[in-house]
Amino acid sequence: MLGDTSFGDTSFGETGSGDRPNRRALILVENLSVPFDRRVWQECATLRDAGWKVHVICPQGTKRDTEPEVEIDGVRIHRYPLRAATGGPAGYLREYGSALWHTARLARKVGPVDVVHACNPPDLLFLPALWLKRRGARFVFDQHDLVPELYLSRFGRGEDLLYRAVCALERLTYRAADVVLATNESYRDVAVRRGGRRPEDVFVVRSAPDIDRFQPVPPEEELKRGKPHLLCYLGVMGPQDGVDYALRALAKLRDELGRTDWHAVFVGGGDAFDAMVELSRRLGLSEQVRFTGRIPDADLVRYLSTADVCLSPDPRNPLNDVSTMNKVLEYMAMGRPIVSFDLKEARVSAGDAAVYAPANDEAEFAGLIAMLLDDPEKRTRMGKIGQERIGGPLSWRNSQASLLSAYAAACRGRARSRRATRTGQGGSRAVER
């Protein structure tokens, strides 16, 4: 439910859910299954509670979210099989081509909708969105990642032909969208400056942890494997996520600072997982570092509740500097102090709930871990600051209001288009058929 937040200022007017209680939204996702994608699931629940009938098209998961079609808490989810890309650009072409074909197929099955809400990456979902726009839908672009920056940060190929191609796709997506959802102010600035969007058409909808999911439990000393302290990393393990920086920092913590009073656990998976396990072995960390892979929520909460320090080792690159890291928000929800590299949006999110090493400086990162291990009072203060921020300015309640404002703006635009068509101002082609 939406709690005590009032949305009187975001009334849908003549196109709102109060007048048409069966308004339909279709959310398109390619890179994660739903409800595993927590941001998308929160958006689904917010829209459902505001009176929308919500459909989602997304890939099937491997161990969860495997049913081809299911209704969960009033949200209808349509899933398709998808093999993740391997083998370079050709693999991505196969993945994205398959995803687009399945998305179009399932969109026909869903039928007419009032709003199509496409979540990147990739910046290709504007294609089925345009097809739905021609049938009367409004297009909400939910920009989870800056794909040009992602390309530069992940592949290190520079501004080559493929980079120019992803920039062109981003421009086409911005141009096609009626409104844009940005995950933070940095992304909003890109939508306005690079995407040419009017500021009033870009709405900041921050990601926020599920407070019900992240509730601390009593620490379990056995998770520390006989050591006084536990360090924890939670998140995806891709080439741009900095797990290698964290491992090298831990080697420096042991070898240069003489600290062996810790055990570390790395929770999560990704296409760099095997490489990170091998790097840990080469650094001689196998006895002090454990990789769990993806684990159930209950086990995740146990580790985070026991952790003395949490790690956010994302290196500074074009993407990370302006992105909000979900793991930082989740650490804060659990009241854990954080060591991070000094990134623009990391400071916006965490504030004094984190300490910041100069960008990509593994020795300083190790030194800050040691400093926090020696200062339990500071760790406690930082944890409380993080929880207060998650419960206040970074709470999902604020993003709910912004999401519904974005839908209101999109639907007002739809009403204007329909009125223009009736009065002849919109040309001879009807908006709806």
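All values reported here derive from a predicted model rather than from experimental measurement.

Participant: Even after reading the chapter, I still don't get the packing of helix H2 (residues 89–110) against helix H3 (residues 126–133), so can you show me in this structure?
Facilitator: Two measures define how a pair of helices packs: the angle their axes make with one another and the distance between the axes. At a closest axis distance of 10 Å, the pairing of H2 and H3 adopts a crossing angle of 25°. By the angle between their directions, the pair H2 and H3 is classed as roughly parallel. The two elements H2 and H3 meet at a crossing, and its hand is right-handed. Mapping the contact onto sequence places Leu100, Thr103, Ala107 and Arg108 in H2 and Leu127, Pro128 and Trp131 in H3. For the contact of H2 with H3, the class distribution of residues is five nonpolar, one polar and one charged.

Participant: It is not clear to me how the packing of aromatic side chains should be interpreted in this structure. Could you clarify?
Facilitator: One pair of aromatic rings is described through two measures. These are the centre distance and the angle between the planes. Following the criterion strictly, the structure yields 11 aromatic pairs and no others. Here the aromatic rings of Tyr151 and Phe155 are separated by 5.5 Å at their centres, their planes lie at 50°, and the arrangement is tilted. With a gap of four residues between them, Tyr151 and Phe155 both fall in helix H4 (residues 147–155), about one helical turn apart. Exposure remark for Tyr151: the relative accessible area of 8% places this residue in the buried category. Looking at Phe155, the relative accessible area reads 39%, which means it is partly exposed. Plain terms: the ring middles of Phe273 and Phe291 are 5.9 Å apart, the flat faces sit at 80° to each other, and that makes the pair edge-to-face. Of this pair, Phe273 sits in helix H8 (residues 273–282) while Phe291 sits in strand S11 (residues 289–293); the two residues are 18 residues apart in sequence, bridging distant segments of the chain. According to the relative accessible area criterion, Phe291 is buried, its value standing at 16%. Among the aromatic side chains, those forming a connected cluster through ring pairs are Tyr92, Tyr96, Tyr151, Phe155 and Tyr163.

Participant: Even after reading the chapter, I still don't get the sheet that holds strand S14 (residues 354–357), so can you show me in this structure?
Facilitator: Across a sheet, strands are paired by hydrogen bonds formed along the backbone, either parallel or antiparallel in direction. Reading across from one edge, S11-S10-S9-S12-S13-S14 is the order of the six strands in this open sheet, with parallel pairing throughout. Edge positions in the open sheet fall to S11 and S14, since each of these has one partner strand only. In this sheet, neighbouring strand axes are inclined to one another by 25° on average, regardless of whether the strands run parallel or antiparallel. Across the sheet, helix H12 (residues 362–373) touches strand S9 (229–234), strand S12 (309–312), strand S13 (338–341) and S14, and the angle it forms with S13 is around 165°.

Participant: What exactly am I supposed to notice about the pairing of S14 here?
Facilitator: Here is the key point about a regular strand: its side chains alternate between the two faces of the sheet. Neither face of S14 is open: one carries Ala354 and Tyr356, the other Val355 and Ala357, and all of them are buried. Where S13 lies against S14, four bridges are found, and the strand directions are parallel. Looking across to S14, one finds that Val339 is bridged to Val355. Crossover S13 to S14 through helix H11 (residues 344–350) is right-handed.

Participant: How should the packing of H12 against helix H13 (residues 376–391) be read in this particular structure?
Facilitator: Interhelical geometry of H12 versus H13 gives an angle of 100° and a closest axis separation of 6 Å. By the angle between their axes, H12 is roughly perpendicular relative to H13. Taken together, the residues of H13 that come into contact with H12 (itself represented by Met371, Leu372 and Leu373) are Pro376, Lys378, Arg379 and Met382. Taken together, the residues that form the contact of H12 with H13 break down as five nonpolar, no polar and two charged.

Participant: Help me understand the sheet that holds strand S7 (residues 179–182) in this model?
Facilitator: Taking strand neighbours across the sheet as the criterion, the eight strands line up as S3-S4-S2-S1-S5-S6-S7-S8 in an open arrangement whose pairing is mixed. Edge positions in the open sheet fall to strand S3 (69–72) and strand S8 (202–204), since each of these has one partner strand only. Across the sheet, the mean angle separating the axes of adjacent strands is 20° when strand polarity is ignored. Note that strand S1 (residues 24–28) and strand S2 (residues 53–59) share five bridges and pair parallel. Among the inter-strand pairings, Arg24 is bridged to a residue of S2, identified as Lys53. Sitting on the sheet, helix H1 (residues 38–49) is in contact with S1, S2, S3, strand S4 (75–80), strand S5 (115–119), strand S6 (138–143) and S7, with an inclination near 165° to S2.

Participant: Would you mind going over the confidence of the model for the protein chain with me for this structure?
Facilitator: Detail in the predicted coordinates should be disregarded across regions flagged by low pLDDT. On average, residues of the protein chain carry a pLDDT of 90, and 90% of them reach 70 or more. pLDDT under 50 marks residues 1–19. Its contacts with residues more than four places away, or in other chains, come to 34 contacts. Counted against residues more than four places away or in other chains, residues 419–433, with its pLDDT under 50, gives 17 contacts.

The rules behind each value
Residues numbered from 1 in each chain as written. Predicted model: local features only at pLDDT ≥ 70, side-chain atom pairs only at ≥ 80, totals over all residues. Heavy atoms only, no water. Axes fitted to C-alpha atoms, helices over the stretch in contact; angles between N-to-C directions. Helix = DSSP H or I, 4+ residues; strand = E, 2+ residues; numbered from the N terminus. Parallel < 35°, antiparallel > 145°, perpendicular 65-115°, else oblique. Left-handed = near helix turned anticlockwise from the far one by under 90°. Contact = heavy atoms within 4.5 Å. Nonpolar A, V, L, I, M, F, W, Y, C, P; charged D, E, K, R; others polar. Phe/Tyr/Trp six-rings, centres within 6.5 Å; stacked < 30°, edge-to-face > 60°. Buried < 20%, exposed > 50% of the residue type's maximum accessible area, 1.4 Å probe, protein only. Pairing = 2+ DSSP bridges. Right-handed = clockwise from strand over helix to strand, strands pointing away. pLDDT = per-residue confidence, 0-100.

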